[in-house]
Amino acid sequence: MGLRDRGIEIKTPEQIDLMRVAGLLVGETLELLRAAVRPGVSTLELDTLAETHIRDHGGVPSFKGYSHPPFPATICASVNDEVVHGIPGERTLAEGDVISIDCGAIVEGWHGDAAITVPVGEVRDDVSELLRVTEESLWRGMAAARLGGRVGDISHAVESHVRSQGRYGILEDYTGHGIGTEMHMPPNVPNVGRRGRGPTIVEGLALAVEPMVTLGSKHTDLLEDEWTVATVDGSWAAHFEHTFTVTPQGAWVLTAVDGGRSRLAALGVPFGGR
């Protein structure tokens, strides 16, 4: 059975170029939001800033109205023990908090999806280390992808790096995913796994890789708003995500402003962008 038979969308180089336009808009929006995070700002203010920037630059928010119940905002804003899918509102950030900001945009029918976790002022040392480990695992995962390899190679690299850094919880019920003409498509990209398993990585496959890591338990609860996912033990969490692809020249991170060139180079991975 081929990838297309399993519902996996394979793009042409020209379609990947269109995804880069959407991805770059997401990356630039997240950098704008990173700069806006500070004590006293509300998550709703961040959401308004994101929606304005995306629409002013020719995009449409991917998240707004998505699924059932319809997601009501442009970004997911998850604070402290909230791992993912937090709904923006009147909550204001305080010194020492962390906020995961997940953002998606559609340009000409193609999606980009990425997330960052941002410290609010000075944070505890263990929280700062959690953010470092989680973001680094994302890059290790993407660096493990090769044409002809398997999606499980990414999962294994994410898990192995997190496990090597300490006793952290890695969410297993929520995963990365394929992406393209829809935000969520096959295949799933788990954050735990074995090398050599899963669909083959081929040219034209685009994936969103998104490790979600906690300071405690991997187990979560869905809150009453039917969207926000929080840790059962109250431990704080981090979430980072990028949309990327692999070309014959190497990896290309479509939602990184520089295409991932600098971080990939530090890991010895060829840059595959155009």
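On a predicted model such as this, the values are computed, not experimentally measured, just so you know.

**A short note on the packing of helix α3 (residues 125–143) against helix α4 (residues 151–165)**
So, step 1. Running from N to C, α3 and α4 point in directions that differ by 155°, and their axes come no closer than 8 Å. Between α3 and α4, the angle is such that the two are roughly antiparallel. Like other packed secondary-structure pairs, α3 and α4 cross with a definite hand, here right-handed. Contact with α3, carried on its side by E129, R132, V133, E136, S137, R140 and G141, involves I154, A157, V158, H161, V162 and Q165 of α4 and no other residues of that element.

**Looking at helix α1 (residues 13–36)**
So, step 1. A rise of 1.5 Å per residue sets the reference length of α1, with its 24 residues, at 34 Å; its end C-alpha atoms lie 35 Å apart and thus fit the reference within 8%.
So, step 2. Every buried residue belonging to α1 is among I16, M19, R20, A22, G23, L25, V26, G27, T29, L30, L33 and A36, and all of these are buried.

**Let's talk about α3**
So, step 1. Taking 1.5 Å of rise per residue, the 19 residues of α3 would be expected to cover 27 Å, and the 27 Å separating its terminal C-alpha atoms lies within 8% of that figure.
So, step 2. Among the residues of α3, V127, L130, L131, V133, T134, S137, L138, W139, G141, M142 and A143 are the ones counted as buried.

**Details of the environment of L171**
So, step 1. Among the structural elements, L171 can be located in the loop between β6 (169–170) and β7 (176–178).
So, step 2. A sequence separation of 72 residues divides L171 from T243, and the C-alpha atoms of the two residues are 19 Å apart.

**Let's talk about the pattern of salt bridges**
So, step 1. Taken as a whole and assessed by the stated rule, the structure comprises 13 salt bridges.
So, step 2. With its nearest N and O atoms 3.4 Å apart, the salt bridge here joins E159 to R163. One end of the pair, E159, and the other, R163, are both in helix α4, four residues apart, so they sit about a helical turn from each other.
So, step 3. Assessed through its relative accessible area of 41%, R163 is described here as partly exposed.

**Some remarks on the nonpolar core**
So, step 1. Counting 59 residues, the largest nonpolar core has L46, I99, I101 and F244 as the members making the most contacts within it.
So, step 2. At eight residues, the largest contribution of residues to this core is made by α3.
So, step 3. Excluding anything up to four places from it in sequence, I99 contacts V37, T43, L46, A77, S78, V79, L93, I116, T117, V118 and V120.
So, step 4. Listed in part, the seven residues of the second largest apolar core include I16, W110, I179 and A206.

**Quick notes on the UniProt feature "binding site: a divalent metal cation 1" (unreviewed entry) in the chain**
So, step 1. As annotated by UniProt and renumbered to match this structure, "binding site: a divalent metal cation 1" (unreviewed entry) occupies D102, D113 and E241. Despite a sequence span of 140 residues, these residues sit close together in the fold, their greatest C-alpha distance being 7.9 Å. Checked against the lining of the largest pocket, the annotated residues reduce to D102 and D113.
So, step 2. Positionally, D113 belongs in strand β5 (residues 110–119).
So, step 3. In contact with D113, other than residues within four places in its own chain, are V26, F63, D102, C103, G104, H177, I179, M183, E241, H242, T243 and T255.
So, step 4. For E241, a relative accessible area of 0% gives the class buried.

**Here we look at the sheet that holds strand β15 (residues 250–253)**
So, step 1. Reading across the sheet, the five strands line up as β8-β7-β9-β14-β15 and stay open at both edges, with antiparallel pairing between neighbours. The open sheet terminates on both sides in strands that have one partner only, identified here as β8 (185–189) and β15. Strand-to-strand, the axes of this sheet are offset by a mean angle of 25°, without reference to chain direction.
So, step 2. Here strand β14 (residues 242–247) pairs with β15 via four bridges, running antiparallel. Bridging from a neighbouring strand, T247 pairs with G250 of β15.
So, step 3. Docked against the sheet, α1 engages β9 (206–209), β14 and β15, running at close to 40° with respect to β15.
So, step 4. Where α4 meets the sheet, its contacts fall on β8, β9 and β14, and the angle it forms with β8 comes to roughly 35°.

Definitions and limits used
- Residues numbered from 1 in each chain as written.
- Predicted model: local features only at pLDDT ≥ 70, side-chain atom pairs only at ≥ 80, totals over all residues.
- Heavy atoms only, no water.
- Axes fitted to C-alpha atoms, helices over the stretch in contact; angles between N-to-C directions.
- Helix = DSSP H or I, 4+ residues; strand = E, 2+ residues; numbered from the N terminus.
- Parallel < 35°, antiparallel > 145°, perpendicular 65-115°, else oblique.
- Left-handed = near helix turned anticlockwise from the far one by under 90°.
- Contact = heavy atoms within 4.5 Å.
- Expected span 1.5 Å × (residues − 1).
- Buried < 20%, exposed > 50% of the residue type's maximum accessible area, 1.4 Å probe, protein only.
- Salt bridge = Lys/Arg side-chain N within 4 Å of Asp/Glu carboxyl O.
- Core = buried A, V, L, I, M, F, W, Y, C linked by side-chain atoms within 4.5 Å.
- UniProt positions renumbered as here; feature names shortened; annotations may be inferred.
- 1 Å grid on protein atoms, 1.4 Å probe; cavity = no way out; pocket = protein on both sides within 12 Å on 5 of 7 lines; lining within 4 Å.
- Pairing = 2+ DSSP bridges.

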